[in-house]
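Listed here are the chains, written in short residue letters.
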Amino acid sequence: MSDAATSAPVVQAFGLGKDYGRLRAVEAVDLAVGAGEFFGFLGPNGAGKTTMIHMLTTLVSPSRGRAEVTGHDVVAEPLAVRRDIGLVFQETTLDGELSAEENLQLAGRLYGLDRAALRARIEEVLDLFELTDRRHDAVRTFSGGMRRQVDLARGILHRPAVLFLDEPTLGLDPVNRGRVWGFLERLASEEGMTLFLTTHYLEEAEPCDRVMIVDRGKVIAQGSPAELKRELGGRESIELVMSEPDARLLADIARRSGTEPRRTATGVVVAVDSAEAILPLLLPLIGDRLESLSVRRPTLDDVFVAATAPGASG
């Protein structure tokens, strides 16, 4: 966890919203992201995530409200904002006929890096993203995961204060998704970079310091992953696999756990606030009848289901 909660915000939005004709893509979002924070902006397809990033990165003008990035108004000072940010789009915008190094050289010149600084930064990012051996190869010969690595390298080439990532693992297989997430976690922990991420893969938000969940353009929940799972994700479930439990055992489990156990084909499931606290009370009751046990803890998927349930957001 970063110290971002106590630092001055580097990304702020005040009632920020966007309409496309009669479609309200983003309602009115308030947010503050601190320096060095790993911030996740989560929701299903069509929730307004990409529109939000496009407003914050000056690609789309808001219909209402305002936003600041590194202290610069996104409408009044777009060039200052663009100098301070990096952006990785959903789809790669690399030139496939150029090599990885040539794509980076082009980006560096556009950002105004001098020759010596650019040469040093290219070496750093090629090493960071494990691309040194393929630096001279045309990007069109790269896998989707490797192209995304070049996208990330280009995004941080000029050492931006904030790196915006719009669904950076979209379309990647699980192995490459895992690799990209490893790189992002390194940027957050080792480089101290502020990351503003959108994704609809809720499980990917686990490393984030804070997440904001949006649905149909509205913010419906926010907090750290642990807080959201505790508040909205429901209780932990203890599954006890055992021979047919009798009525007395079921009554004893209910008394010790404070909740009625649910019978299953292989035993019982008990929903509790803390499996760690309850298990020592239950295991002596069951003794050698227990064949196995497992604990299922709430996930961010549980949080999203709870938050988007009818009436959940009022």
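See above for the structure.
Since the model is a prediction, treat every value here as computed from it, not as a measurement.

Peer 1: Describe in detail the overall build of the protein, supporting the description with residues and values.
Peer 2: Scanning the protein for helices and strands turns up ten helices and 14 strands. When the backbone C-alpha atoms are referred to their principal axes, the protein occupies close to 80 × 45 × 35 Å. For the protein, the proportion of its 314 residues judged to be buried stands at 48%. Counted over contacts in the protein with a minimum sequence separation of 6, partners at least 24 positions apart contribute 70%. Per element, the accessible surface of the protein, about 15,200 Å² overall, is 50% carbon and sulfur. Computed over 36 positive and 47 negative side-chain charges, the inter-centroid distance for the protein is 3 Å.

Peer 1: So, the sheet that holds strand β1 (residues 9-20): which residues are in play, and what are the values?
Peer 2: Ordered by their spatial adjacency, four strands build an open sheet running β2-β1-β4-β5, and the pairing between neighbours is antiparallel. Strands with a single pairing partner mark the edges of an open sheet, and in this sheet they are β2 (23-34) and β5 (72-73). Of the strand pairs in this sheet, β1 and β2 are connected by eight bridges, and their pairing is antiparallel. Across the sheet, the residue bridging to L16 is V29, located in β2. Sheet strands in contact with helix α1 (residues 49-56) are β1, β2 and β4 (64-69), and its direction is about 120° off that of β1.

Peer 1: Before we move on, could you go through the environment of T51 and cite the residues and values that matter?
Peer 2: Along the chain, the position of T51 falls in helix α1. Once residues lying within four places of it in the same chain are set aside, the contact partners of T51 are K18, Y20, A25 and V26.

Peer 1: Residue-level account of helix α3 (residues 100-110), with values.
Peer 2: Of the positions making up α3, those classed as buried are A100, E101, N103, L104, A107 and G108. Along the axis of α3, the buried residues cluster in a sector spanning 160°; they form a single face. In α3, the exposed residues that point more than 90 degrees away from the buried face are R109 and L110. The secondary structure elements touched by the buried residues of α3 are α4 (115-128) and α5 (144-156). Taken from the residues just after α3, G112 is the one with a positive phi, measuring 80°.

Peer 1: Outline the sheet that holds strand β7 (residues 162-166), listing residues and values.
Peer 2: A sheet is described by the order of its strands in space; here six strands give the open sequence β6-β7-β8-β3-β9-β10, paired in mixed fashion. Each edge of the sheet is formed by a strand with only one pairing partner; in this case those strands are β6 (85-88) and β10 (218-223). Each adjacent strand pair in this sheet contributes to an overall mean axis angle of 15°, direction not counted. Sheet strands in contact with α5 are β6 and β7, and its direction is about 165° off that of β6.

Peer 1: Give a description of the packing of α3 against α5 that names residues and reports values.
Peer 2: Orientation of α3 relative to α5, taken along the N-to-C sense of each, is 25°, at an axis distance of 10 Å. Between α3 and α5, the angle falls in the class roughly parallel. The hand of the α3/α5 crossing is right-handed. The segment α3 lies against α5, with A100, N103, L104 and A107 engaging V150, A153 and R154. Here the contact of α3 with α5 is composed, by residue class, of five nonpolar, one polar and one charged.

The rules behind each value
Residues numbered from 1 in each chain as written. Predicted model: local features only at pLDDT ≥ 70, side-chain atom pairs only at ≥ 80, totals over all residues. Heavy atoms only, no water. Helix = DSSP H or I, 4+ residues; strand = E, 2+ residues; numbered from the N terminus. Buried < 20%, exposed > 50% of the residue type's maximum accessible area, 1.4 Å probe, protein only. Contact = heavy atoms within 4.5 Å. Areas by Shrake-Rupley, 256 points an atom, 1.4 Å probe, with all protein chains shown as cover. Lys, Arg positive; Asp, Glu negative; His and termini not counted. Charge placed at Lys NZ, Arg CZ, Asp CG, Glu CD. Pairing = 2+ DSSP bridges. Axes fitted to C-alpha atoms, helices over the stretch in contact; angles between N-to-C directions. Arc of directions from axis to C-beta. Parallel < 35°, antiparallel > 145°, perpendicular 65-115°, else oblique. Left-handed = near helix turned anticlockwise from the far one by under 90°. Nonpolar A, V, L, I, M, F, W, Y, C, P; charged D, E, K, R; others polar.

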